[in-house]
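Residues per chain, in single letters:
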Amino acid sequence: MLKALLLTMLTLALVKSQDTEETITYTQCTDGYEWDPVRQQCKDIDECDIVPDACKGGMKCVNHYGGYLCLPKTAQIIVNNEQPQQETPAAEGTSGATTGGVAASSMAASGVLPGGGFVASAAAVAGPEVQTGRNNFVIRRNPADLQRIPSNPSHRIQCAAGYEQSEHNVCQDIDECAAGTHNCRADQVCINLRGSFACQCPPGYQKRGEQCVDIDECTIPPYCHQRCVNTPGSFYCQCSPGFQLAANNYTCVDINECDASNQCAQQCYNILGSFICQCNQGYELSSDRLNCEDIDECRTSSYLCQYQCVNEPGKFSCMCPQGYQVVRSRTCQDINECETTNECREDEMCWNYHGGFRCYPRNPCQDPYILTSENRCVCPVSSAMCRDLPQSIVYKYMSIRSDRSVPSDIFQIQATTIYANTINTFRIKSGNENGEFYLRQTSPVSAMLVLVKSLSGPREYIVDLEMLTVNSIGTFRTSSVLRLTIIVGPFSF
């Protein structure tokens, strides 16, 4: 470590980069260097920039390959590639310099830094420039010493390999890459270094033997969020359908198809990586899952409407026949034309039935009968014509629906006048030629008309129901008729 030398400055040897024939690794760099992933090589660490307060005592920090120097603020460094000269005689009071060392006029100390660098600190520098034999550095005390460099262009200095004399008689680096004097292969990139050059593979390639081979970045996760596509010297990321690359060209973000390009005919719902279409009520998705087709509700069920179902775009409606109106959207209800509009005359009475109305005479009595009260006709006893006729005829009207279930009680007949010691019998006098009805006596003074056959309308039946009254000794006999008009509606509702 040259502990006995009295040094003003300690010179450092230049580190010459060498090509390696092995594959470049990503982490193996010596101390004082770090891996450059872009240039695919180790690069020097600038300790003066990253080490806090690297030099003490007012010294200035000078970065160097693999380390750094601590020099006086007045010191300067120039490259000197002259061949080693004879040792410069030391100034008065010094002890001289050893072979290959540095001659100085004052005390100097040196130490080793991590990474192979050196720290050189000096209290003062006196006398002429201090030369080195191997490290090619000359340390000057102050900027004024630069004037001592010979300015005569004819004065040639010798520069080390990789350097050349400049017009200022200073050895400067030769850019072999720009001059084309390098020997890099066609598939390599020339990198100029101080005093030399290096042949590196282009970014995205690595050296394997003598060749540069492509680095498959897709095998080194995690590059891409979803899909990685390797290309010569590079790569790019792709996203699955329904996603797109973010601004960082790495992350995939969902595409909101409902906002970007809504293809749905009616309703669109975005989901991760895709979208789904839905239809409004009354429609269903077609086979392409985008468009909507109307649902024919009338074909799905025969019970939607009581009478008739009408399909409409996206919905359906119910219709009723003439004489009916729609209630609760689906049911048909008879319209009472007698309460709204009818064509009956003043001498007629309006009778409503299911699906329509009829006009009947207000006075239905025919000679020799006379009207005694509403709908009641009586044959006078004083008239000889009334001897063999029923004493009274009462007119009644009723309406039933078509296809009514049978047997069914539909009308009750009852005596209005009860005589003592008499017997009442009931029978269907007329209007039951086809046996649609049956009269069942329910008490001594009443009977029930029963429908025994289903009737289909529209149709009108006039049935005479007779009540015979006879006293217990057979001396008194009379009859009365209830003329019942039954109107069967055209529908079962």
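Residues numbered from 1 in each chain as written. Predicted model: local features only at pLDDT ≥ 70, side-chain atom pairs only at ≥ 80, totals over all residues. Heavy atoms only, no water.

A. The pairing of strand S25 (residues 324-327), seen in detail. In this sheet, strand S26 (residues 331-334) lies alongside S25 in antiparallel orientation, the contact comprising four bridges. In the strand pairing of S26, Gln325 is matched with Gln333. Between S25 and S26, which pair antiparallel and follow one another directly, the connecting turn spans three residues, one of which, Arg328, has a positive phi of 55 degrees. (Pairing = 2+ DSSP bridges. Helix = DSSP H or I, 4+ residues; strand = E, 2+ residues; numbered from the N terminus.)

B. Up close: the UniProt feature "domain: EGF-like" (unreviewed entry) in the protein. Under the feature "domain: EGF-like" (unreviewed entry), the UniProt entry names residues 173-213, 214-253, 254-293 and 294-333. Within residues 214-253, the helical portion is 0% and the strand portion 40%, while the C-alpha atoms at the span's ends are 29 Å from each other. Taken as a whole, residues 294-333 contains 10% helix and 45% strand, while its terminal C-alpha atoms sit 29 Å from one another. (UniProt positions renumbered as here; feature names shortened; annotations may be inferred.)

C. Local environment of the pattern of salt bridges. Taken as a whole and judged by the stated rule, the model has 10 salt bridges. In this structure, Glu460 and Arg358 form a salt bridge, with 2.6 Å as the shortest nitrogen-oxygen distance. One end of the pair, Glu460, is in strand S36 (residues 459-471); the other, Arg358, is in strand S28 (residues 356-361), with 102 residues separating them in the sequence. Judged by relative accessible area, which is 31%, Glu460 ranks as partly exposed. Here Arg427 and Glu466 are joined by a salt bridge, their closest N and O atoms 2.5 Å apart. A residue pair is termed long-range when its members are at least 10 positions apart, and Arg427 in strand S33 (residues 422-430) and Glu466 in strand S36 qualify at 39 residues. The class of Glu466 is buried, set by a relative accessible area of 4%. Shared partners join several salt bridges into a network, and the residues in it are Arg345, Asp347 and Glu348. (Salt bridge = Lys/Arg side-chain N within 4 Å of Asp/Glu carboxyl O. Buried < 20%, exposed > 50% of the residue type's maximum accessible area, 1.4 Å probe, protein only.)

D. Seen up close, the sheet that holds strand S37 (residues 477-488). The strand order S29-S30-S31-S37-S36-S33 describes an open sheet built from six strands, whose pairing is mixed. At either margin of the open sheet sits one strand with a lone partner, and together these are strand S29 (370-373) and S33. Strand-to-strand twist of the sheet, defined as the mean angle between neighbouring strand axes without regard to direction, takes the value 30 degrees. In this sheet, S37 lies alongside strand S31 (residues 392-400) in parallel orientation, the contact comprising nine bridges. Bridging across to S37, Lys396 finds its partner in Leu484. (Axes fitted to C-alpha atoms, helices over the stretch in contact; angles between N-to-C directions.)

E. Seen up close, a nonpolar patch on the surface. There is a patch of nonpolar side chains on the surface, built from Tyr269, Ile271 and Ile276 and spanning about 250 Å² of accessible area. Mapped onto the elements of the fold, Ile276 is located in strand S20 (residues 274-278). (Patch = residues over 30% accessible without salt bridge, like charges linked within 9 Å, V, L, I, M, F, W, Y side chains within 5 Å. Areas by Shrake-Rupley, 256 points an atom, 1.4 Å probe, with all protein chains shown as cover.)

F. Molecular detail of the environment of Val452. Checked against the element boundaries, Val452 lands in the loop between strand S35 (446-451) and S36. Val452 sits in the partly exposed class, given a relative accessible area of 34%. Along the primary structure Val452 and Asp409 are separated by 43 residues, whereas in three dimensions their C-alpha atoms are 8.9 Å apart. Apart from residues no more than four positions distant in its own chain, Val452 is found in contact with Val406, Gly435, Glu436, Phe437 and Tyr438. (Contact = heavy atoms within 4.5 Å.)

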